[in-house]
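# Geometric and topological summary
Chain by chain, the residues:
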Amino acid sequence: MEYKRLETFKEFYPFYLNEHSNKICRILHFVGTTLLLIILAYALYTSQYKLIWFCPLVGYAFAWTGHFVFEKNRPATFKQPLFSLMGAFKMWWQLVTKKIYF
């Protein structure tokens, strides 16, 4: 099936959530994003800026495991990277605030 590029984040986000419908995939995304934020905060607080390079590694390791192993789809990052990054943080925040659930 051919992917149709979505022009706005408002259009993209429902697609993003649908691509993350598996509970374990969402949990893995949540863990990866949380660890990424902890590493980023620690790196900035301690001025150990080289640690920031670990952020995408940690984030993507958890996220891509969720997609390839549990969701059985290709990450949205391959389709629309900026909207995907925005979606990851929005989904994380909505999970924290219980606007959506695992």
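Provided above is the structure to which this section pertains.
Here we summarise the structure given alongside this text. (Residues numbered from 1 in each chain as written. Predicted model: local features only at pLDDT ≥ 70, side-chain atom pairs only at ≥ 80, totals over all residues. Heavy atoms only, no water.)

Moving on, we come to the overall build of the protein. Check the secondary structure of the protein and you find four helices and zero strands. In sequence order, the protein lays out its α and β elements as α-α-α-α. Counting only residues that meet the buried cut, the protein has 37% of its 102 residues in that class. In the protein, 66% of the contacts between residues at least 6 apart in sequence involve partners at least 24 apart. Of the accessible surface of the protein, which amounts to about 6,900 Å², a share of 69% is contributed by carbon and sulfur atoms. One finds the centroid of the 12 positive side-chain charges in the protein at a distance of 11 Å from the centroid of its 5 negative side-chain charges. (Helix = DSSP H or I, 4+ residues; strand = E, 2+ residues; numbered from the N terminus. Buried < 20%, exposed > 50% of the residue type's maximum accessible area, 1.4 Å probe, protein only. Contact = heavy atoms within 4.5 Å. Areas by Shrake-Rupley, 256 points an atom, 1.4 Å probe, with all protein chains shown as cover. Lys, Arg positive; Asp, Glu negative; His and termini not counted. Charge placed at Lys NZ, Arg CZ, Asp CG, Glu CD.)

The calculated volume of the largest pocket comes to roughly 360 Å³. Taken together, 21 residues make up the lining of the largest pocket; nearest its centre are Leu36, Gly59, Tyr60, Leu85 and Ala88. Within the residue set of the lining of the largest pocket, elements represented by two or more residues are helix 2 (23-46), helix 3 (54-71) and helix 4 (81-96). Sorting elements by how many residues they give to the lining of the largest pocket places helix 3 first, with seven residues. (1 Å grid on protein atoms, 1.4 Å probe; cavity = no way out; pocket = protein on both sides within 12 Å on 5 of 7 lines; lining within 4 Å. Points joined across faces, edges and corners; volume = space filled by probe spheres on them.)

Here the focus is the nonpolar core. Among the nonpolar cores identified, the biggest contains 13 residues, and Phe12, Tyr13, Tyr16, Met91 and Ile100 are the most heavily contacted of them. Elements supplying a minimum of two residues to this core: helix 1 (9-18) and helix 4. Tallying contributions element by element places helix 1 first for this core, with six residues. If we skip the residues at most four places from it in the chain, Phe12 touches Tyr3, Leu6, Ala76, Gln80, Phe83 and Ser84. (Core = buried A, V, L, I, M, F, W, Y, C linked by side-chain atoms within 4.5 Å.)

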